[in-house]
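# Summary of the model geometry
One-letter residues, chain by chain:
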Amino acid sequence: RLILYRHLTDTLTADCNAVLKALQPIFQEQGMTETVHNWEDHGYLATYVKKNGSFANLRIHPHGLVLVDLQSYNDHMKGREEVDQLLNKVEERMKELFHGNIKRVKRLPAILRGGVIDRYWPTADGRLVEYDIDEVVYDEDSPFQNIKILHSKQFGNILILSGDVNLAESDLAYTQAIMGSGKEDYTGKEVLILGGGDGGILYEIVKLKPKMVTMVEISFDKQLIIQLSSSCKYMRKTCGDVLDNLKGECYQVLIEDCIPVLKRYAKEGRMFDYVINDLTAVPISTSPEEDSTWEFLRLILDLSMKVLKQDGKYFTQGNCINLTDALTLYEEQLSRLYCPVEFSKETVCVPSYMELYP
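Computed from a predicted structure; not experimentally measured.

Moving on, we get to the overall build of the protein chain. A count of helices and strands for the protein chain gives nine helices and 20 strands. Burial analysis of the protein chain (358 residues in total) assigns 45% to the buried set. A sequence separation of at least 24 residues applies to 58% of the contacts in the protein chain between residues at least 6 apart.

Now the structure itself:
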């Protein structure tokens, strides 16, 4: 796709017509069939179709924006060269027409559609990122979610749950941050992990010789455990072998909903030195009264405080740093808990997220 923008100083309709007439020969030379739509005061849309199914859309806006969008079914070097040559001609003709008086020229890389490997995944704040995915390592459905493991040249294997980039082998920074960035002493401590199904937090804490780590993950079931034994062998750099069994020398994994577990622990008076919430990111919605996710978050916070020792610490993830309203609203929720709390925050760069996370 080629985007050109210039401030038009002459008659709008005349300029649009001049652009169309200047660019028409470039597409006609390719043997493309032309269809032109003209809207009064809204410019032109010209479509050019080739016999092999390739086509181009030329959109000319009266305010000076010219868009050229090419789509073709080819994935070979010759086809790419042909596209580049055509766009070069369009750019050169536009510069000739307006004597170089073009404010901006932007050429976007090709988007590959319908491939076996999906390389496009959104960030938390809605930006589309193209990853350097070169292999589908694992792709299965559980009763709760779709589980994908894709290999990235930069980030290693990436775990993607229901379309959400969860964790990659490169993302130790995420795990370290949600554990306190190396400032905490877990030796001989009681730790409760809520969620954490990728096993990264459990794996790192077990290394630090805690007294007992209890991990509560609702999305595990018998079928998923079988899947995990297969999928986790592809994420060994992240989770090691801790998910090969539900019990170890100093840890246990409960396949339960964390809410009744938290209520049960509170009733029993069981207390923890650390509670680590890896269930979900801070909700994107900024309407807590209408969003049940915020209610869920507040419930988890309150229940967690009831099982946390007086001098204990609660760790959780935030969300993309660009979601400032949601992050501010999360901090406001902390003043609404049944007990007073103090908090601090730290921002880290999570490699595979391609964004900063507080």
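Turning our attention to the sheet that holds strand β11 (residues 156–161). An order of β9-β10-β11-β12 is seen for the four strands of this open sheet, with the pairing classed as antiparallel. Edge positions in the sheet fall to β9 (133–141) and β12 (164–168), since each of these pairs with one other strand and no more. With strand direction ignored, the average angle separating the axes of adjacent strands in the sheet is 25 degrees. As defined by bridge partners, β9 adjoins strand β10 (residues 146–152) across seven bridges and the pair is classed as antiparallel. Its bridge partner being in β10, Y138 is matched across the sheet by I149.

Quick look at the sheet that holds strand β14 (residues 212–216) now. Strand order in this open sheet of six strands is β15-β16-β14-β13-β17-β18, and the pairing throughout is mixed. Of all strands in the sheet, those bounded by a partner on one side alone are β15 (247–248) and β18 (308–316). For β15 and strand β16 (residues 251–254), the ladder comprises two bridges, and the chain directions are antiparallel. Within β16, the residue paired with K247 across the bridge is Q252.

All right, on to the UniProt feature "active site" (unreviewed entry) in the protein chain then. According to UniProt, the positions carrying the feature "active site" (unreviewed entry) are D278. Within the secondary structure, D278 is located in strand β17 (residues 272–278). What D278 contacts, discounting residues up to four positions off in sequence, is Y174, I178, L194, G195, G196, D198, I201 and Q317.

For the rest of this paragraph, the subject is the packing of aromatic side chains. In the structure shown here, the tally under the stated rule is seven aromatic pairs. Aromatic pair Y131 and F155: ring centres 6.2 Å apart, planes at 75 degrees, arrangement edge-to-face. With Y131 in the loop between β8 (128–130) and β9 and F155 in the loop between β10 and β11, the pair connects residues that are 24 residues apart, well separated along the chain. F155 matches Y131 in its accessibility class, with the two residues each being buried. An angle of 55 degrees between the planes, with centres 6.1 Å apart, marks the rings of Y174 and Y353 as tilted. Pair noted here: Y174 is in helix α3 (residues 172–178) and Y353 is in the loop between β19 (348–350) and β20 (355–357), with a separation of 179 residues, a long-range link. When sorted by exposure, Y174 lands in the same class as Y353, which is buried. Ring pairs connect the aromatic residues Y174, Y353 and Y357, which therefore count as one cluster. When the ring centre of Y265 is taken as origin, the NZ or CZ atom of R270, which lies over that ring, is 4.7 Å away.

Cut-off values and rules
- Counting restarts for each chain: residues are numbered from 1 in the order of the written sequence.
- In keeping with the model being predicted, local features are shown solely for residues with a pLDDT of at least 70 and side-chain atom pairs are shown and tallied solely at 80 or more, while totals for entire chains, interfaces and linings include all residues.
- For side-chain calculations, the full set of non-hydrogen atoms in the structure is used, while hydrogens and water are omitted.
- In this text, helices come from DSSP runs of H or I with a minimum length of four residues, and strands from runs of E with a minimum of two, each type numbered from the N-terminal end.
- Partly exposed describes any residue whose relative accessible area lies between the buried limit of under 20% and the exposed limit of over 50%, with all areas from a 1.4 Å probe on protein chains only and scaled to the type maximum.
- Working rule for contacts: check all heavy atoms of both residues, and any pair within 4.5 Å makes them a contact.
- For two strands to be treated as a pair, DSSP must find no fewer than two bridges joining them.
- To get an axis, fit a line to the C-alpha atoms, keeping to the stretch in contact for a helix; angles then go from 0 to 180 degrees between the N-to-C directions.
- UniProt positions are given in the numbering used here, feature names are shortened, and annotations may be inferred rather than shown by experiment.
- A pair of aromatic rings is counted whenever rings of Phe, Tyr or Trp (Trp by its six-membered ring) have centres within 6.5 Å, and the orientation is called stacked for planes under 30 degrees apart, edge-to-face for over 60 and tilted otherwise.
- Any Lys NZ or Arg CZ that is within 6 Å of a ring centre and within 35 degrees of that ring's normal is treated as a charge sitting over the ring.

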